[in-house]
Amino acid sequence: MLTFLAKRILQLIPTLFFVSVLIFSLQQLLPGDPALIMAGEDRDPAVIEQIRKQYRLDQPIPVQYVFWVKGVLSGDLGESMRNKQKVLDLVLQKLPVTMQLASMAIIIALSIGITAGVISAVYKDTPWDYAANVFALWGLSTPNFWLGIMLIFLFSVQLGWLPPSGYVPLTEDWRQSLATTIMPAFVLGNAIAAVLMRHTRSAMLQALNSDYVRTARAKGLLERSVILKHAMRNALTPVITLGALEFGTLLSGAVLTEQIFTIPGFGKLIIDAVFNRDYAVVQGVVLVTATTYITLNLLADVLYVLVNPRLRA
Amino acid sequence: MQASHPLSPAQAGVQKPGLLGPRFRGDERERRADETIESPMRRALRRLKRRKGAVAGLIVIALFVLVAVFAPLIAPYDPAAQSWTAVRKAPSAAHWLGTDDVGRDVLARVIFGARASLLAGVISVAIAVSIGVPLGLISGYLGGWVDALLSRITDAMLAVPFLILAIALAAFLGPSLGNAMIAIGVTTTPIFVRLTRGQVMAVKVEDYVEAARAIGNPRWRIALFHILPNILPALLVQGTLSIAAAIIAEAALSFLGLGQQPPAPSWGSMLNSAQRFLTTASWMAIWPGLAIFLTVLSFNLVGDGLRDALDPKER
């Protein structure tokens, strides 16, 4: 286990290195002189010169990279060009909002996805199975921004049950908080539920065809306990770790849903930054996302080994 | 050859009892092999045709392609023609799907929008395939430090969530449909590198690759003529599913204002302006979204169908 962990962590170093190169080189894609772009409307040569010095734009690119990485490693992701706030502070400030949204989405996705997957595997080739498969296809094919707009149309415009946009923190008023986040969380969870359903279905089918399930049935156990205790337990472990990999889908989705429901989270931060040409913030958000994703991946791998005794060396 | 499909007519001749002695049985076996050989392509097509979903998907895709190609002939109005006397009019005989906030015909814009979506889907996947497949071939076939390097770069790109990387790239490149395609293409590339690499690693230990090496084929020849054809099915399936993802991504970027720029029509940007008029003009939001949904669903159906049809384990 320890060697596995050590190997896995060592592997992260080059990956993180390339992530940092990737994110750093984004700014090289900017057409024209970055100092001019950063200066914005202000065309004062003195200001431009100062920006050039401050961001070391007068130095060779590898030197710029080294300074950038040094800053990142000490927690300095640069500062927003718009309001001079530290990028790290901005990210940390928005993170709880997206976390709330993401956790609700995961709960929705797990409960729908696993239920549908188990039902469709147990009742394979029946109308239940077809219905679950249609649901999965629908979930994978619906653009989540359209789903969001349609939900607003139905529940806010037509029925008037839920607020169409805005956000209230959990600590302030939990009822209002849930009312403002339930639609975006459903939109986010929907697509992931579809993916989880497919994984669960195939894992359950495999488990139901295995020897230990046949043995359990031969012993005369109730079908319910065979499915719940024997098949499901074994089938769901890989599904849950695979679920961790859907974190990326979640963050991608958050960008759109937060935009539609005007929720001041992580996704809204990156879009606002894009439109304010606040490139340091864009880079910072991408970097934090990637690092979180890599860490979650590692945790999922470790978890998978831990729950699967056959892999434990 | 493996056993034929249970329904194929060739099966009838196989069951003859072996009373005529080994020589005749041998002939029988040869004949059976002749009759049951079906080119992989035909077998895949036959199996694909059995899947109603995939066939329906293919038909819908064909329809959308026709609509996109003949858009100027089909569209009832100029998609960019504004009319201040017909602002946000509900669907009627004159405007089947209604008009938008500046009086443009929604149907005409949905029809022309098919161009941006299909083009973005196909071109971005073409970019991803043309970069990703060669890199995957090199990585999987050569192994060693080249593989290690390429794999870590792939990992790094996959570590950034798909849409966030695409948004960042599109933001730095500048908003336009072309840049959105490049951004989506580059972001999709690591998926193809990884898939190709994995497939190559699985195939390169097969006997026929060994045989090709033994008779002295150069490495590039083995990679291109012996390995590549055998991994095409997997690439085809992934390609189809990736087109679906790319169409959603283009619509998402255009929705955010990073793709197709107004006034040029695209389904994503139509949804963007529609959101502001949900209370008064819901038709503006329904139709472009439905068009994205149908196109993406069709590509997903065809992709799923292809996967089942090309799966050698399933007959």
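Data block above holds the structure.
In this text, all values refer to a predicted model and were calculated from it rather than measured experimentally.

Notes on the overall build of chain A
Along chain A, the regular secondary structure elements total 13 helices and zero strands. The secondary structure elements of chain A, listed N-terminal to C-terminal, are α-α-α-α-α-α-α-α-α-α-α-α-α. The principal-axis extents of the C-alpha atoms in chain A amount to approximately 85 × 60 × 35 Å. Expressed as a percentage of the 313 residues in chain A, the buried residues total 45%. In chain A, the 25 positive side-chain charges and the 20 negative ones have mean positions that sit 13 Å from each other.

What about the environment of Asp173(A)?
Residues and elements named next belong to chain A. Mapped onto the secondary structure, Asp173 falls in the loop between α7 (144-158) and α8 (174-208). Taking the relative accessible area as the measure of exposure, Asp173 reaches 31% and is therefore partly exposed. Spatially, the C-alpha atom of Asp173 lies 53 Å from that of Lys219, the residues being 46 residues apart in sequence.

Observations concerning the interface of chain A and chain B
Tallying the contact residues gives 44 residues for chain A and 44 residues for chain B. For the pair chain A and chain B, the summed buried surface comes to about 3800 Å²; carbon and sulfur atoms form 83% of the total. Of all residues in chain A, Phe18(A), Phe145(A) and Trp146(A) bury the most surface against chain B, accounting for 16% of the area lost on that side. The interface formed by chain A and chain B holds one salt bridge in total. The salt bridge partner of Asp304(B) is Arg198(A), with a shortest N-O separation of 2.7 Å. Where chain A touches chain B, the interface holds five residue pairs in polar contact (both at pLDDT 80 or more). Element by element, the count of residues in the side of chain A that touches chain B is highest for helix α13 (residues 279-307) of chain A, at eight residues.

Comments concerning a nonpolar patch on the surface
Residue and element names in this part refer to chain B. Taken together, the side chains of Ile59, Leu63, Val65, Leu66, Val69, Phe70, Leu73 and Ile74 define a hydrophobic patch exposed on the protein surface, amounting to about 760 Å² of accessible area. At five residues, the largest contribution of residues to the nonpolar patch is made by helix α4 (residues 52-69). Following the sequence through the fold, Leu73 ends up in helix α5 (residues 71-74).

Thoughts on the side chain of Gln64(A)
Within the secondary structure, Gln64(A) sits in helix α4 (residues 61-73). With residues up to four places along the chain from it excluded, the contact list for Gln64(A) reads Phe24(A), Gln27(A), Gln28(A), Arg56(A), Leu57(A) and Gln59(A).

Some thoughts on the packing of helix α11 (residues 247-260) of chain A against helix α12 (residues 266-275) of chain A
All names here are of chain A. Their axes nearest at 7 Å, the elements α11 and α12 cross at an angle of 75°. Considering their axes alone, α11 and α12 lie roughly perpendicular with respect to each other. Contacts from Leu251, Ala254, Val255, Glu258 and Gln259 of α11 reach α12 at Phe266, Gly267, Lys268, Ile270 and Ile271.

A look at unusual backbone geometry
Following Pro262(B), the chain continues into Pro263(B) via a peptide bond in cis, with omega recorded as 5°. With phi around 65°, Asp125(A) is a residue other than glycine that occupies positive phi space. With respect to the helices, strands and loops of the structure, Asp125(A) is situated in the loop between α5 (87-122) and α6 (127-141).

Some points on the packing of aromatic side chains
Within this structure, the stated rule accounts for ten aromatic pairs over all chains. A centroid spacing of 5.8 Å and a plane angle of 70° characterise the contact between Phe64(B) and Trp267(B), whose relative ring orientation is edge-to-face. Of the two residues, Phe64(B) is situated in helix α4 and Trp267(B) in helix α12 (residues 267-275); the sequence distance between them amounts to 203 residues. Each member of the pair, Phe64(B) together with Trp267(B), is buried. Within the aromatic cluster, the residues linked to one another by ring pairs are Phe17(A), Phe18(A), Phe24(A), Tyr65(A) and Trp68(A). A cation over an aromatic ring shows up here: Lys70(A) above the ring of Phe67(A), its NZ or CZ 5.5 Å from the ring centre.

Here we look at the environment of His226(B)
Residue and element names in this part refer to chain B. In this fold, His226 is placed in helix α11 (residues 219-256). Residues His226 and Tyr208, 18 residues apart in the sequence, show an inter-C-alpha distance of 7.9 Å. If we skip the residues at most four places from it in the chain, His226 touches Tyr208, Ala212, Asn217 and Arg221.

The rules behind the values
Residues numbered from 1 in each chain as written. Chains lettered and ligands numbered in written order. Predicted model: local features only at pLDDT ≥ 70, side-chain atom pairs only at ≥ 80, totals over all residues. Heavy atoms only, no water. Helix = DSSP H or I, 4+ residues; strand = E, 2+ residues; numbered from the N terminus. Buried < 20%, exposed > 50% of the residue type's maximum accessible area, 1.4 Å probe, protein only. Lys, Arg positive; Asp, Glu negative; His and termini not counted. Charge placed at Lys NZ, Arg CZ, Asp CG, Glu CD. Contact = heavy atoms within 4.5 Å. Buried area = accessible area lost by both parts, 1.4 Å probe. Salt bridge = Lys/Arg side-chain N within 4 Å of Asp/Glu carboxyl O. Polar contact = N/O pair within 3.5 Å; in protein donor to acceptor, adjacent residues only side chain to side chain. Patch = residues over 30% accessible without salt bridge, like charges linked within 9 Å, V, L, I, M, F, W, Y side chains within 5 Å. Areas by Shrake-Rupley, 256 points an atom, 1.4 Å probe, with all protein chains shown as cover. Axes fitted to C-alpha atoms, helices over the stretch in contact; angles between N-to-C directions. Parallel < 35°, antiparallel > 145°, perpendicular 65-115°, else oblique. Phe/Tyr/Trp six-rings, centres within 6.5 Å; stacked < 30°, edge-to-face > 60°. Lys NZ or Arg CZ within 6 Å of the ring centre and 35° of its normal.

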